[in-house]
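Here are the chains, one letter per residue:
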Amino acid sequence: MFIYLSKKIAIPNNIHLKCVSWNKDQGFIACGGDDGLLRVLKLETQTDDAKLKGLAAPSNLSMNQTLEGHSGAVQVVTWNEQYEKLTTSDQNGLIIVWMLYKGAWYEEMINNRNKSVVRSMSWNADGQKICIVYEDGAVIVGSVDGNRIWGKELKGNQLAHVAWSPDSKILLFGMANGEVQIYDNQGNFIMKMTISCLTNATGAVSIAGIHWYAGTGGYVEPDCPCLAICFDNGRCQIMRYENDENPVCIDTLMNVVSIQWNHCGSVLAVAGSLRASNMEKEFNVVQFYTPFGEHLRTLKVPGKQMTGVAWEGGGLRIGLAVDSYIYFANIRPDYKWGYCCSTVVYAYTKPERQDYCVVFWDTKNNEKFVKYVKSLMSITTSGDFCILASKADDTHPQEDAELESGSHARYVLILCNSIGTPLDSKYIDIDPLFVTMTKTHVIAASKEAFYLWQYRVAKKLTALEINQVTRTKKEGRERVYHIDSNPSGANDSGPDFAKAFTATRDAICCITATDKTLIVGRESGTIHRYSLPNVVLIQKYTLNNRAYYLSLNCNSSRLAIIDIAGVLTLLDLDVRVPTDDGTGNQAGDPSKFERKDVWDMKWANDNPDLFAMMEKTRMYVFRDLDPEEPIQTSGYICNFEDLEIKSVLLDEIMKDPERPNKDNLINFEIRSLRDSRALIEKVGIEDASQFIEDNPHPRLWRLLAEAALQKLDLKTAEQAFVRCKDYQGIEFVKRLGNLQSEPMKQAEVAAYFSSFEEAERMYLDMDRRDLAISLRIKLGDWFRVLQLLKTGSGDCDDALLEQAYNAVGDYFADRQKWASAVQYYLQGRNQERLAECYYMLEDYDGLERLTALLPDNHKLLPEIGQMFATVGMCEQAVNAYLKCNQPKAAVDTCVHLNQWNKAVELTRTHNMKEIKSLLSKYASHLLEKNKTLEAVELYRKAHHFLDAAKLMFKIADEEAEKRTRPLRVKKLYVLAALLVENYHEQVKTSQQSKAKGKKSEATFALAGLLEEDASSSDNRIVDNAWRGAEAYHFFLLAQRQLYEGYMEKAMRTALHLREYEDIIPAVEIYSLLAVCAAANRAFGTCSQAFIKLESLESLDPEQRQHYEDLALVIFTKHSPTDSRTVELDGSSEGVEGKLPTCIVTGLPIQEYQFWMCSVCKHCAIEREIHKFNNCLLCHSSLAG
């Protein structure tokens, strides 16, 4: 930062000031002094010139009101910004609260304890409460409306200062003896603060100031020190919170009277006096420090006794109370900013976020891109790129950050383009306090060492630069050098950060570089000059002062140096002056050039003798060390090129950083450009040509060429284009020379100067609509092309019209306005883009219509097929693929979408072989994942019924083993059996299709059975498909009959179950039979069932014993004989063998007339089945 005194306001009658306070929101300045003096001032800038903004604008006192009310010296003034109130107190203890009414200040409240004097008053952060401390130890906390909240007497303490914490939960009381005590907001003592900065201090000390920054403008970095406590002996400590055990300690070596933070907590001003070592008298100074204790600047202030310091709300000015004057100093902050590729990059903090908000503001298109960076340290720009240096985030893993020392890198350099996209990054272990960059290198320096990184980005490099890049070894891309070493360019290996931490007596304080030279400044005033890209120390120079800012001109022949006092000097690097001994190694001749109060400068990119500099609020342009007349501005210089200076008013941007305005970007033309323009306009081209000849510059020749073109002076224009090496311009003049018509030339010139409306009007006046159309086509203004094509008389070119429609369609499609694009693509018959638009609009009907319209084998059909496939529309995708003769793609789509039946159908239609292998592969994949039911469904859809049935039987068997609910098991067996029936049907159909109309149905059936027999390896599944279903059907039926009370029927069904011992465990069958028989009082059958149960080998002895005990109980009560005779065997044998069993009753069917199911071929007694709508076994409809 740079600071200079800018204004002085005298208080009438030489009344000495005691205190000063600046209202941060409204800009009022209150100052109190002897004899009851209290004044409120307001500085306002009044200017009509838009370019004169900020500090450059003249400021006048818009308010200068004396507030009457105090009789004694006013000692304390404090503002409440939220409620627009001023609170003041004098030496008699009188407190007055003032309010603003109709543009003037009036008394609102008065309070006087009459016992003691007020030493300090402080409003809390939200302006709701005020804490007043008296010298005798009394504390009063009141509300904004004048009510007392609480009061307390701190016995035996003389109070001097008070401060609220940002969250208003804690009060700090500074005692007259230098102690600081911490209380809560109800006045309860918590603890004494540890004062670390007074170690080794002698004598009595008193507190000069306590200021706790409330965080209203965000923080410089997370967990940043914000509580400053300073003592009159110059010792100061800055803490993160009230009981911080590790504060930042500073010894300012001053007699301090007052301290204050700026608006965003980034700078602490410490005001007081300093005793010069060689002088008896003291002089007033303000020292500026960062929250981490680094000294920024010193401002000397005239006068005898400084009594107060106050920052302006925006942090650009500071007010100082000295004797009977208020001095104002302007501050040029060190903003984190840069300029690359027409983009202003700047960073600011927000109160609600801990990280920095970095804005990439493209000034050409007025677009901004925002990026958030934690602990940002600096922004450096060059060419099209930008480097963001920040502290490394501990939470992120760092792949390339492991250093040889084994520790994690602490800092990171991020290479970004002009819209903030990170292109590359490097983790480094040295503190990048100073960073500079060239087209190929980034150089970062700590106090002891500097680090080079040769960055690579995909951009256009000249052949020479490419050669230079490729010549450098891979490990040579990163190098580290200690400032005290003497690099010779040889043995450059990878970066060795270990040597970078050796302490040096003479630290680095600034760096700069061009493509071939690196300059490093040191605190002693020594400057090192190194060559690039091979780092070799070429020379050392000695300056009188410590450099603060260095800059090399475009050919590295001259170095500009701004020292810490703001003095600009120049150093010639190329001139050699031989010394007395003739060795000729003396430093270059430093010019006699010197300017004071300089805070920014920039060399021209295209002229080594041209530079611009900022001196206070004026910009000077120097050509060969001659200044032009100054321009009043307070902007930061972005770029100096083509005799134009681009400057940005960062102060104005930072007032509202989220909405940068183009008004804050100013272009200044230097004198030669202004003079040439004036000569051309007022005198004529010939005289201007002579002036430019004397002061040649490509920009001036271009100005002349353009002026000559406008007057159609083609000869002068051509000469001027040759002088500024503009090949396109020369060609354009030649083309103009070949045109015969004068209006045609004028129209071409208008188009050249981007006056397209005028050029088009000229073409249309000449009745050359074709030229107007071609002009608009070049510009890409297809809407206007369409208008011109439609408005003209006669037919227009159809191909051109289609092209225009398609271009307009492209315009809408690029902006994702698909519906508008469709209308134009339809007219332009652009089927490819139409398909894309339909897809984006999810208009699949339109896509289907387009498929129908396209001819066979059209190149677009596969793409449309793919579009349908991605949204699962199988049929439409298949149609599209088949239309372009890609059956394999169609089958793949079916497989992908699980439409296996369609896939099988297609493979059969197109005689494709691979479906079987594909199917088994997918099925095995499903089975591996234990998705057996999905595999069954897959086989079923693909009409591989037998494979499906096998899997289904496997599932049913597994479920039966698990003893799942019998109904579920029955359903699974029914499903498996139905799949077998489907298989039978399939075999039969295939036989019929093989021999149509040649043989009888019986022959088909026989052939089908033979084929089945030949193909079937698992006869149990095919022949006895329904056995499992039957077993569980009768098992369930027997139990149902038992519970419904049909004991006889239940027993008979249970007897029938004996045939299914292979499916249902025998224990269950005979247990059920025993229960049913006992219920039916057929104890003979029951006895047989028990005999069978006791003889089962599958039972363990304990279970068998249970059965024996149960049999004993039953058969001691009942004799083992049936009450009615039951034919246990042979009952279901008929004349022609076994009788069918009724699936409704479980009884053998004795009648000749009975019902048979068309699906499962099972029988039932006619009268019984008619009570139901479905077959009881397979659940197929009786109607079917």
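Residues numbered from 1 in each chain as written. Predicted model: local features only at pLDDT ≥ 70, side-chain atom pairs only at ≥ 80, totals over all residues. Heavy atoms only, no water.

**Q** Tell me what's going on with the overall build of the chain, and back it up with residues and numbers.
**A** Check the secondary structure of the chain and you find 31 helices and 60 strands. Considering the chain as a whole, with its 1184 residues, one finds that 52% of them fall into the buried category. Sequence-distant contacts in the chain: of pairs separated by 6 or more residues, those separated by 24 or more amount to 46%. When the accessible area of the chain is evaluated, it comes to approximately 57,200 Å², of which 47% is carbon and sulfur surface. (Helix = DSSP H or I, 4+ residues; strand = E, 2+ residues; numbered from the N terminus. Buried < 20%, exposed > 50% of the residue type's maximum accessible area, 1.4 Å probe, protein only. Contact = heavy atoms within 4.5 Å. Areas by Shrake-Rupley, 256 points an atom, 1.4 Å probe, with all protein chains shown as cover.)

**Q** Give a detailed account of the pairing of strand E4 (residues 38-45), specifying residues and quantitative values.
**A** Within a regular beta strand, the side chains point alternately toward one face of the sheet and then the other, so they alternate between its two faces. The buried fraction of E4 is high, at six of eight residues. As judged from the five bridges shared by strand E3 (residues 28-33) and E4, these two strands associate in the antiparallel manner. Directly across from Gly32, in E4, lies its bridge partner Leu38. Between the antiparallel neighbours E3 and E4 lie four residues, among them Asp35 with a positive phi of about 60°. (Pairing = 2+ DSSP bridges.)

**Q** For the pattern of salt bridges, give the residues involved together with the corresponding values.
**A** The final tally for this structure, using the stated rule, is 35 salt bridges. A salt bridge links Arg595 to Glu615; the nearest nitrogen and oxygen atoms lie 3.0 Å apart. Separated by 20 residues along the polypeptide, Arg595 in strand E48 (residues 590-595) and Glu615 in strand E50 (residues 610-615) bring together distant segments of the chain. For the residue pair Arg595 and Glu615, the accessibility class agrees, reading buried in each case. Linking Lys655 and Glu652 is a salt bridge whose minimum nitrogen-to-oxygen distance equals 3.3 Å. With Lys655 and Glu652 both in helix H2 (residues 650-655) and three residues apart, the pair spans about one turn of that helix. Note on Lys655: relative accessible area 60%, which makes it exposed. Residue classification places Glu652 among the buried positions, given a relative accessible area of 17%. Here the salt bridges do not stand alone but share partners, grouping Glu757, Glu760, Arg776 and Asp781 into one network. (Salt bridge = Lys/Arg side-chain N within 4 Å of Asp/Glu carboxyl O.)

**Q** I'd love a proper account of the packing of helix H9 (residues 756-765) against helix H10 (residues 769-779), names of residues and values included.
**A** For the pair H9 and H10, the least separation of the axes is 7 Å and the interaxial angle reads 155°. Classified by the angle between their axes, H9 and H10 sit roughly antiparallel to one another. The two elements H9 and H10 meet at a crossing, and its hand is left-handed. The segment H9 lies against H10, with Phe756, Glu757, Ala759, Glu760, Tyr763 and Leu764 engaging Arg769, Leu771, Ala772, Leu775, Arg776 and Leu779. The residue inventory of the contact of H9 with H10, partitioned by class, reads eight nonpolar, no polar and four charged. (Axes fitted to C-alpha atoms, helices over the stretch in contact; angles between N-to-C directions. Parallel < 35°, antiparallel > 145°, perpendicular 65-115°, else oblique. Left-handed = near helix turned anticlockwise from the far one by under 90°. Nonpolar A, V, L, I, M, F, W, Y, C, P; charged D, E, K, R; others polar.)

**Q** Talk me through helix H14 (residues 831-841); I want residue IDs and the actual numbers.
**A** Listed in full, the buried residues belonging to H14 are Leu834, Ala835, Cys837 and Tyr838. Down the axis of H14, the smallest arc covering the buried residues is 165°, so these residues share one side. Its buried side turned inward, H14 meets helix H13 (818-828), helix H15 (844-853) and helix H16 (861-870). Immediately downstream of H14, the backbone of Glu842 shows phi near 60°, a positive value. (Arc of directions from axis to C-beta.)

**Q** Any details on the sheet that holds strand E32 (residues 367-373)? Residues and values, ideally.
**A** If you trace the four strands from one edge of the open sheet to the other, you get E29-E30-E31-E32, paired in antiparallel fashion. Single-partner strands in this sheet number two, and they are strand E29 (337-340) and E32. Looking at each pair of strands side by side, their axes are set apart by 20° on average, direction ignored. Sheet analysis places E29 next to strand E30 (residues 343-349), joined by four bridges and oriented antiparallel. Note that in E30 the partner of Trp337 across the bridge is Tyr346.

**Q** So what about the UniProt feature "repeat: WD" (unreviewed entry) in the chain? Which residues, and what values?
**A** Feature annotation in UniProt assigns "repeat: WD" (unreviewed entry) to the following positions: residues 67-98. Structurally, residues 67-98 is divided into 0% helix and 56% strand, and its ends, taken at the C-alpha atoms, are 9 Å apart. (UniProt positions renumbered as here; feature names shortened; annotations may be inferred.)

**Q** Report on the nonpolar core, specifying residues and quantitative values.
**A** Soluble globular proteins tend to bury their nonpolar side chains together. In terms of nonpolar packing, the biggest core is built from 67 residues, with Trp1026, Leu1057, Ile1064, Phe1090, Ile1143 and Cys1175 touching the most fellow members. If you look at the next biggest cluster of nonpolar residues, it comprises 58 residues, including Val344, Cys357, Ile692 and Cys724. (Core = buried A, V, L, I, M, F, W, Y, C linked by side-chain atoms within 4.5 Å.)

**Q** How would you summarise the packing of aromatic side chains if you had to cite specific residues and measurements?
**A** Summed over all chains, the structure comprises 28 aromatic pairs. When the centroid spacing of 6.2 Å and the interplanar angle of 70° are considered together, the rings of Phe385 and Tyr455 count as edge-to-face. Remark: Tyr455 occurs in the loop between strand E39 (449-454) and helix H1 (463-471) and Phe385 occurs in strand E34 (residues 385-391); sequence separation between them is 70 residues. Both residues of the pair, Phe385 and Tyr455, count as buried. Among the aromatic side chains, those forming a connected cluster through ring pairs are Phe593, Trp603, Phe611, Tyr620 and Phe622. Stacked on the ring of Phe28, the Lys or Arg Lys42 has its end atom at 4.7 Å from the ring centre. Between the NZ or CZ atom of Arg353 and the centre of the ring of Tyr372, over which it lies, the distance is 3.6 Å. (Phe/Tyr/Trp six-rings, centres within 6.5 Å; stacked < 30°, edge-to-face > 60°. Lys NZ or Arg CZ within 6 Å of the ring centre and 35° of its normal.)

**Q** Can you tell me about the sheet that holds strand E8 (residues 94-101), naming the residues and giving the values?
**A** Spatially, the four strands line up as an open sheet ordered E6-E7-E8-E9, and their pairing is antiparallel. Bordering the open sheet on either side are strand E6 (74-80) and strand E9 (104-112), each of which pairs with just one other strand. This sheet shows a mean twist of 20° between the axes of neighbouring strands, independent of strand direction.

**Q** Can you explain unusual backbone geometry? Please cite residues and give values.
**A** Residue Leu532 is joined to Pro533 through a cis peptide bond whose omega torsion reads 0°. With respect to the element layout, Pro533 can be found in the loop between strand E43 (526-531) and strand E44 (536-542).

**Q** Help me get a handle on the confidence of the model for the chain, residues and values and all.
**A** Here the chain shows a mean pLDDT of 81. Residues at 70 or above account for 86%. Counting interchain partners and residues more than four positions distant, the pLDDT-below-50 stretch residues 397-406 has 20 contacts. Across residues 1127-1136 the pLDDT falls below 50, and counting only partners more than four positions away or on other chains, this stretch makes 15 contacts in the model. (pLDDT = per-residue confidence, 0-100.)

**Q** Please give an account of the side chain of Arg297 that cites residues and values.
**A** Residue position: Arg297 is located in strand E25 (residues 295-301). At 2.6 Å, the side chain of Arg297 and the backbone oxygen of Met1 are in polar contact. Discounting chain neighbours no more than four positions away, the residues touching Arg297 are Met1, Phe2, Ile3, Val286, Gln287, Phe288, Tyr548, Asp563, Ile564, Ala565 and Gly566. (Polar contact = N/O pair within 3.5 Å; in protein donor to acceptor, adjacent residues only side chain to side chain.)

**Q** Can you explain the pairing of strand E10 (residues 118-123)? Please cite residues and give values.
**A** Burial of E10 is extensive: five of the six residues sit out of reach of the surface. Both E10 and strand E11 (residues 129-134) contribute to a ladder of five bridges, which runs antiparallel. Its bridge partner lying in E11, Met121 is registered against Ile132. Joining the antiparallel neighbours E10 and E11 is a turn of five residues, in which Gly127 adopts a positive phi near 75°.

**Q** Explain the environment of Val520 to me, and be specific about the residues and the numbers.
**A** Structurally, Val520 is set in strand E42 (residues 517-522). By relative accessible area, Val520 is classed as buried at 0%. C-alpha of Val520 to C-alpha of Cys510: the two residues are ten residues apart in sequence and 6.1 Å apart in space. Setting aside anything within four residues of it in sequence, one finds Val520 in contact with Phe450, Ile483, Ile508, Cys510, Ile511, Thr526, Ile527, His528, Tyr530 and Leu550.

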